[in-house]
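# Structural overview for review
Chain by chain, the residues run as shown.
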Amino acid sequence: MIYNKPRDISIALLPFSRKRKDKKIKEKVNKTVLVKTVSFFMLVYLGTMVAFIIPLRPTYSESEKRDLHKFPEFTLSAFADGSYFSDISLWFSDTFPFREKLTLANSYIKKLSGFDSIAIHGDVESGDEIPDLPLQVPVTEETTIPQTTDNQLLPETTIPVTTDTTDTSSSDTPSTQSLGAILVAGNSAYEYYHFSSKLAPEFINAVSAIKPVSGNTANVYSLLIPTSIDITLADNLRKDVSSADQKKALDYFNSSIQNVTAVSGIYDAQRLHRNEYTYFRTDHHWTALGAYYAYEQFAYTKGISPVGINEYATVSFDGFLGSFYASSNKSEALSKTPDTVVAYLPKNNINCTVLEKDGAYHKRPVITDVSSYAQNLKYLTFISGDQPLVTIENYDIAEGQNCLVIKESYGNAFVPFLIPHYKNVYVIDPRHYNGTLSEFVASHQIDDIVFVANISTTRNSIYIDKLKNFIR
């Protein structure tokens, strides 16, 4: 008989030991999954409960500078057509607790991850190289203006003023600017900028002629404004975008234009406030807040104290979808988050008279209620949009300086901030005004001339031709 030595008992029981260990591991895993699942749903439940705590829900967005949607009032008509529940849904999503922090965190994560959707509309132009040295403007014979004796001004034209409260939302549209290619990144759009070596000298010569043409009696200030692509576009995206360097271009223009005091701190001021709502997302304009920071730089340059931003009352108009939205084939990404136009109401007792394109004079508010205007016309709130001539008289100043603003549409949001500092503010858009600078100065006592334009006008042949036709 062959005797078989029994195996070690631990070896014999090994399969049973492994099964028990596997069973314990599975039980541990199942318990962990159960705990995590229960914890997740408890967090969701608590989050939902927190979301319904009314006092925690915000009413104002600091980053977007707008009032958030309010809880709708119940009406039978709204209940019947379903809009009541849609408004509740909008209120719920727009006023979620800790909205600002969550929105900023989401934006930051998207930027780090590169999840923002990118689209380009239009043909991107390469443009010309920006010179390193200023343009040498040739010295030309000064243009003279009609002179009067004994410091007497030519008689001012009598203005037939009428009060007109007609809603111009359907008939008056903002003057279009020749936009370049449009970059859509996430829910914001930006215009490409390119430098034109052909048009730059024409622009420089035109602005340099303002002082001599006006008789060398007024102080002339030049404010060239950067556009959003170099200010608010995220740096990690901007470095790969073939848009010309606006800082270099602004330095070139400011150093080349003669006979003016260049307000050169605007670019740095806009960069300093780039995380604020200083440019629209769906339109090529800056916001009134962006214009305010340029006004601060103007005030420092002129040597006056700017009025504090918190001293103004504000009014907001929601649902603005501007030029970028139209130029991007009505991008769905832009339509989901329309802009809000915020206007700062003048503090002074004033009278505003507008010479409109039809040749009639009307009394208009400096800030118009555009809540009923079409979604693309909300920027018309500022000085009634692009009109030939706007005259704003400040009754709070018995005697004071007069200012002439020569502008394009960026100037509209800027003008209201000048009112506290002048007896009269005259605003001329050379694209629509039929007179000349020399004629206007001859019949008005102008102390300061302020030229305001965004940098894209330096490559806009239509605007430059109109400007040259006015400055004579």
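Counting restarts for each chain, with residues numbered from 1 along the sequence as it is written. Selection of residues for local features in this predicted model requires a pLDDT of at least 70, selection of side-chain atom pairs for listing and counting requires 80 or more, and totals for whole chains, interfaces and linings are taken over all residues. The basis for every side-chain value is the complete set of heavy atoms in the structure, and neither hydrogens nor water enter the calculation.

### Observations concerning the overall build of the protein
Per the convention used, a helix needs a DSSP run of H or I reaching at least four residues, while a strand needs a run of E reaching at least two, with both numbered from the N terminus. Of the regular secondary structure elements, the protein holds 16 helices and 16 strands. Only protein chains enter the accessibility calculation, which uses a 1.4 Å probe; a residue is then buried when its area is under 20% of its type maximum, exposed when over 50%, and partly exposed in between. Relative to its full complement of 472 residues, the protein shows a buried share of 46%. Residues count as neighbours in contact if any of their non-hydrogen atoms are within 4.5 Å of one another. A separation threshold of at least 6 residues defines the contact pool for the protein, and within that pool the share at least 24 residues apart is 75%.

### So, the packing of helix H6 (residues 199-208) against helix H9 (residues 246-256)
Axes here refer to lines fitted to C-alpha atoms; in helices the fit is confined to the stretch in contact. Angles between the N-to-C directions go from 0 to 180 degrees. Close contact between H6 and H9 brings their axes to 10 Å; oriented N to C, the two are set at 45 degrees. Accordingly, the angle class assigned to the pair H6 and H9 is oblique. Crossing of H6 over H9 shows right-handed handedness. Contacts between H6 and H9 involve Ala 200, Phe 203, Ile 204 and Ser 208 on the former and, on the latter, Tyr 252, Phe 253 and Ser 256. Under the scheme applied here, ten amino acids are nonpolar (Ala, Val, Leu, Ile, Met, Phe, Trp, Tyr, Cys and Pro), four are charged (Asp, Glu, Lys and Arg), and all others, including Gly, are polar. In terms of residue class, the contact of H6 with H9 is made up of five nonpolar, two polar and no charged. Comment on the angle field: the value is read as roughly parallel under 35 degrees, roughly antiparallel over 145, roughly perpendicular from 65 to 115, and oblique elsewhere. What makes a crossing left-handed is the near helix being turned counterclockwise from the far one by less than a right angle; a clockwise turn instead makes it right-handed.

### Focus on the confidence of the model for the protein
On a range of 0 to 100, pLDDT expresses the predictor's confidence in each residue. With 74% of its residues at a pLDDT of at least 70, the protein reaches an overall mean of 83. Scored below 50 in pLDDT, residues 139-176 shows 57 contacts in the model against residues more than four places distant or in partner chains.

### Some words on the sheet that holds strand E5 (residues 182-185)
Whether parallel or antiparallel, the strands of a sheet pair through hydrogen bonds between backbone atoms. Two strands qualify as a pair provided DSSP detects at least 2 bridges between them. Within the open sheet, the three strands sit side by side as E3-E5-E6. Their pairing is antiparallel. On the outer flanks of this sheet lie strand E3 (118-121) and strand E6 (188-191), each paired with one strand and no other. The average undirected angle you get between the axes of adjacent strands in this sheet is 20 degrees. As paired elements, E5 and E6 share four bridges and run antiparallel to each other. Paired with Val 184 across the strands is Ala 189, a residue of E6.

### Here we look at the nonpolar core
Take the buried residues of types Ala, Val, Leu, Ile, Met, Phe, Trp, Tyr and Cys, join any two whose side-chain atoms come within 4.5 Å, and each joined set is a nonpolar core. Core analysis: the biggest nonpolar cluster contains 95 residues, and Leu 223, Phe 253, Trp 286, Phe 414 and Phe 451 have the highest contact counts within it. Beyond its immediate stretch of four places on either side in the chain, Phe 414 contacts Leu 223, Trp 286, Ala 291, Ala 294, Tyr 295, Phe 298, Val 450 and Val 452. Core analysis: the second largest hydrophobic core is formed by eight residues, Ala 181, Tyr 192, Leu 233 and Val 241 among them.

### Some thoughts on H6
The periodicity of an α-helix, 3.6 residues per turn, causes residues three or four places apart in sequence to face the same way. In terms of residue burial, H6 counts as a mostly covered element, since seven of its ten residues are buried. Buried within H6 are the following residues: Leu 199, Ala 200, Phe 203, Ile 204, Ala 206, Val 207 and Ser 208. Those residues of H6 that are buried lie in contact with helix H7 (210-213), strand E7 (219-225), H9, strand E16 (448-454) and helix H16 (461-470).

### Thoughts on unusual backbone geometry
With a phi angle near 55 degrees, Asn 329 is a residue other than glycine that sits in the positive phi range. Mapped onto the elements of the fold, Asn 329 is located in the loop between helix H12 (323-327) and helix H13 (332-335).

### Focus: the environment of Gln 297
Take Gln 297: it is sitting in helix H11 (residues 288-302). Sequence separation between Gln 297 and Tyr 267 is 30 residues, and the spatial gap between their C-alpha atoms is 9.9 Å. Ignoring anything within four residues of it in the chain, the contact list for Gln 297 reads Val 263, Gly 265, Ile 266 and Ala 269.

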